[in-house]
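Spelled out from the first residue to the last, the chains are:
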Amino acid sequence: MDLNLSTPGLQALDPAQLHHACDPLQFGFQTTAELEDLTELIGQMRAVDAVHFGTGMRHEGYNIFVLGPSGMGKRTMVRQLLTQRARGEPDPPDWCYLHHFDQPHKPRAMRLPAGRGAELRDQMAQLVDYLRTAIPALFDSDDHRAKAEAIQEEFNQRQEARLKALGDEAEGHKIILLRTPSGFTFVPTQDGEVIPPDDYAKLPDEEKHRIATAMAALQDKLGHILEDLPRWRKERAEHLKRLDQDTTLQAVKHLIDDIRARFADLPAVLAYLDVVQKDMLEHADDFKSPDETTQLGGGLAVVTHETFHRYQVNVLVTQTPGTGAPIVSEDNPSYGNLIGRIEHLSQLGALITDFTLIKPGALHRANGGYLLLDIRKVLMQPFAWESLKQAMQSHEIRLESLAQVYSLVSTVSLEPEPIPLDVKVILFGDPLFYYLLQEVDPDFSELFKVAADFEDRIERNADTHQLYARMVATLVRKDQLLPFDRTAVARVIDFSARLVEDAERLSTHIRSVADLLREADYWARQSGHGTVAAHHVQQAIDAQIRRQDSIRTQLHEAILRGTILIDTQGTVTGQINGLSVLEMGDFAFAQPTRITAVTRLGDGEVINIEREAKLSGSLHSKGVLILSSFLAGRYARQQPLPLSASLAFEQSYGHVDGDSASLAETCALLSDLARLPLKQSLAVTGSINQMGQVQAIGGVNEKIEGFFDICSARGLTGDQGVLIPSANIKHLMLRHDVVAAARAGTFRIHAVDSVDEAMALLTGLPAGEPDDQGTYPPGSVNHEVVSHIQALSKLWKSLEEPSEPEPSRPWRKSARGHPPAR
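Residues numbered from 1 in each chain as written. Predicted model: local features only at pLDDT ≥ 70, side-chain atom pairs only at ≥ 80, totals over all residues. Heavy atoms only, no water.

Novice: Please clarify how unusual backbone geometry should be interpreted in this entry.
Specialist: For residues besides glycine, phi is generally negative; the peptide bonds are generally trans as well. The phi angle at Gln480 is positive, at roughly 55°, despite the residue not being glycine. Tracing the chain through its elements places Gln480 in the loop between helix H16 (462–478) and helix H17 (486–499). Of note in the backbone geometry, Arg675 takes a positive phi value of approximately 55° without being a glycine. In this structure, Arg675 sits in the loop between helix H23 (662–674) and strand S27 (677–679). According to the relative accessible area criterion, Arg675 is partly exposed, its value standing at 47%. (Helix = DSSP H or I, 4+ residues; strand = E, 2+ residues; numbered from the N terminus. Buried < 20%, exposed > 50% of the residue type's maximum accessible area, 1.4 Å probe, protein only.)

Quick look at the structure:
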């Protein structure tokens with residue numbers, strides 16, 4: 001029976017079906033310089049609507065997760081949308097940390113209107129700078145010294161008056177009051193002279209008694225005077241302190257009053273200034289020598305300004321009024337960069353800190369606006385994800401030192417007052433992260449209720465061609481490239497369709513397109529052209545492949561030199577050319593792979609040698625099980641399948657996965673079973689289902705081109721080609737040399753819908769359809785398969801039938817009448 005090649009599915013595809021080229025004549029421009037910029041991404045309305053919804057919803061938990069591969073322009077588009085929205089939103093407040101005068105380890109947080117935090121910081125800095133010189137100058141003034149000396153003189157006069165009165169009283173008793181280095185003492189006199197001890201001993205007892213009694217009374221009065229001295233000194237110190245405070249107040253009050261006038265509308269600032277003024281007056285003595293110098297030896301010294309340090313204002317974040325909500329992107333989202341950190345200084349071998357060493361994080365800078373983060377980078381940083389969730393759930397930023405929390409250091413740290421948080425967090429990442437977090441993190445769904453899913457492809461039509469041209473023009477102007485003529489734009493569109501392996505779709509992967517534009521611009525400039533043409537774009541594509549195809553070249557050389565066995569002519573039973581795709585980073589290529597099948601009498605088991613060697617992935621194993629079910633369902637519905645088979649990828653030493661080889665494996669198995677040789681000039685790709693229908697696969701362009709390259713290197717004969725699923729026709733965007741060979745009739749692409757169509761092309765025999773009794777016509781593929789199965793079934797039955805028993809023989813008796821020994 002002859003094969004009718006006019007049967008649908010057996011004819012080669014028309015060359016026009018192999019590459020759907022963009023017609024440059026559809027464009028009304030000559031170069032991209034004539035086109036307007038594109039203000040938004042093409043075909044991303046679903047994602048745009050989701051971003052608008054998420055940013056507009058102010059209820060808790062409506063943060064946004066932007067899904068999509070990197071390089072699609074997600075961040076650029078989201079930032080553009082946020083910029084438009086943020087301009088009309090209110091300015092967020094400034095946040096400052098201030099010294100807590102009662103509890104220095106707990107700095108106070110202060111909220112101020114936008115821009116006022118920096119103003120307060122500057123005013124306090126000017127106040128401190130002035131006081132640093134003004135107050136010591138006032139203390140050194142003649143007026144202050146005169147007042148201080150008057151207070152001291154008053155104290156001295158009071159002391160001297162009391163002592164003089166006591167001395168006069170003592171003289172009335174012929175006793176004088178003497179000052180000694182160790183204090184005061186009373187001694188008796190006679191005729192105005194001190195009585196020596198020997199003369200005092202000669203005095204009458206009555207005189208001695210009188211002197212002793214008088215000295216005891218005087219000593220008692222002296223004791224009272226000495227007891228009053230500390231009180232007088234305290235009063236003197238209080239008077240001097242009051243003088244210092246009054247002097248300090250002269251310098252401070254009018255300056256602080258000026259600051260009060262500036263912030264009269266902010267009660268919190270006024271209360272803070274009251275506390276500052278009170279503290280300055282209480283520590284007036286500190287202003288006399290504000291610089292504290294600690295000598296370290298060797299001529300080194302540390303100078304600190306503790307007196308004025310506590311009056312500084314640590315502005316964490318400040319906003320320029322009228323700019324709207326902030327948009328902050330953190331590229332290194334570590335714990336400290338997200339939440340903020342408390343730094344320390346090393347002094348004299350110890351680590352010290354204060355409120356001025358509190359540094360803001362991304363949450364502080366984005367407070368009142370939007371924070372953009374890469375989820376992968378967040379998850380890679382220790383404690384970052386949990387701290388971000390804690391801040392979002394508690395609506396406050398609480399600064400904690402991780403070293404303190406986990407007892408890694410024993411230094412003194414701070415407990416800053418938490419700052420209220422109002423921020424919209426937008427995460428960017430691959431869909432894998434989104435679905436994993438939904439599965440394993442119960443907090444994720446509560447915090448990120450809006451998913452903005454970016455499309456990786458858009459429909460290809462005349463309208464999207466025009467939009468794509470404008471996008472090319474926008475990218476060209478952005479990178480200051482040479483203008484692209486319309487042939488170059490058309491070639492870029494073809495490249496975009498090839499990126500998504502679909503002639504009816506275009507890629508939205510902006511980075512790949514932008515890279516191609518830059519490289520085409522390079523080649524155009526190298527050749528001295530003022531515009532980029534289609535051949536420059538093609539040169540850039542070829543150069544990209546050339547830079548990455550080292551391994552492909554080596555594998556093809558191994559095939560052409562006979563190291564890897566691949567036949568492209570003749571026929572062989574049980575052997576077929578499958579097609580495998582190898583991905584090396586961003587570069588994917590294909591090569592033919594020899595698949596062999598061996599059938600034998602057995603119990604219906606199909607052995608997947610790759611699986612037995614633990615080199616088969618789950619999808620490939622599934623494909624083998626499906627083809628086993630197909631064989632049993634078609635040829636052994638009412639009887640056991642009396643065969644066993646083994647399938648192998650020859651000279652394959654790595655992992656094999658995917659079900660795209662199941663059609664080729666089925667054809668190889670049927671070939672060996674029916675003893676029908678297969679054409680080695682054809683390669684096969686496609687998966688099958690249990691009904692024998694051929695299903696679409698991925699990488700169809702790479703697979704066709706991989707086999708074409710081998711055949712072309714050996715010489716095209718006109719018999720070579722590739723069998724692909726009919727469902728993959730719409731995905732064809734083949735290279736121009738492949739299309740040219742098909743047009744010349746030296747290489748063919750066949751699209752098949754079933755195993756029968758594939759076997760008919762591979763064997764040259766019709767597959768055959770069963771009649772009403774289920775019998776296949778003689779000379780058909782299926783008839784040969786059924787015939788060999790029936791032969792195996794008969795052989796199986798013959799082997800199962802028991803052999804005839806050996807005829808019994810009567811025992812021969814020995815001479816003694818007993819059976820002979822055996």
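Novice: Explain H23 to me, please; I cannot follow it from the model alone.
Specialist: Its 13 residues place the ends of H23 18 Å apart at the C-alpha level, agreeing with the 18 Å of an ideal helix rising 1.5 Å per residue. Of all 13 residues in H23, 13 are buried, a share of seventy percent or more. (Expected span 1.5 Å × (residues − 1).)

Novice: Explain the environment of Ser628 to me, please; I cannot follow it from the model alone.
Specialist: Considering the arrangement of structural elements, one finds Ser628 in helix H22 (residues 618–635). Each C-alpha atom, one on Ser628 and one on Ala645, is 9.5 Å from the other, the two residues being 17 residues apart in sequence.

Novice: Is there a simple way to explain the packing of aromatic side chains in this structure?
Specialist: To describe a pair of aromatic rings, you give the distance between the ring centres and the angle between the ring planes. Under the defined criterion, the tally for this structure stands at 13 aromatic pairs. Among the aromatic side chains, those forming a connected cluster through ring pairs are Phe65, Trp385, Tyr434, Tyr435, Phe444 and Phe448. (Phe/Tyr/Trp six-rings, centres within 6.5 Å; stacked < 30°, edge-to-face > 60°.)

Novice: What is the right way to read the packing of H16 against helix H18 (residues 510–526) from this model?
Specialist: Each pair of packed helices gets described by two things: the angle between the helix axes and the distance between those axes. Packing of H16 against H18 leaves a shortest axis separation of 10 Å and a crossing angle of 60°. Note on packing geometry: the crossing formed by H16 with H18 is right-handed. Seen from H16, the contacting residues are Tyr468, Met471, Val472, Leu475 and Val476; seen from H18, they are Ile510, Val513, Ala514 and Leu517. Here the contact of H16 with H18 is composed, by residue class, of 9 nonpolar, no polar and no charged. (Axes fitted to C-alpha atoms, helices over the stretch in contact; angles between N-to-C directions. Left-handed = near helix turned anticlockwise from the far one by under 90°. Contact = heavy atoms within 4.5 Å. Nonpolar A, V, L, I, M, F, W, Y, C, P; charged D, E, K, R; others polar.)

Novice: Mind showing me how you'd approach the nonpolar core here?
Specialist: Generally speaking, soluble globular proteins have nonpolar side chains that are buried together. Core analysis: the biggest nonpolar cluster contains 45 residues, and Ile576 and Leu663 have the highest contact counts within it. Among the elements of the structure, strand S24 (587–601), H22, strand S26 (643–649), H23, strand S28 (682–684), helix H26 (755–763) and helix H27 (781–800) are those that each provide at least two residues to this core. Of all the elements, H23 adds the most residues to this core, at 8 residues. Beyond its immediate chain neighbours, meaning those up to four positions away, Ile576 contacts Thr593, Arg594, Ile595, Ala664, Cys667, Ala668, Leu678, Gln680, Val684 and Leu762. (Core = buried A, V, L, I, M, F, W, Y, C linked by side-chain atoms within 4.5 Å.)

Novice: Looking at this structure, how should I read the packing of H17 against helix H19 (residues 534–548)?
Specialist: In contact at an axis separation of 7 Å, H17 and H19 are set at 35° when each is read in the N-to-C sense. In this structure, H17 contributes Thr487, Ala488, Arg491, Val492 and Phe495 to the contact, and H19 contributes Ala534, Val537, Gln538, Ile541 and Gln544. When its residues are assigned to classes, the contact of H17 with H19 shows 6 nonpolar, 3 polar and 1 charged.

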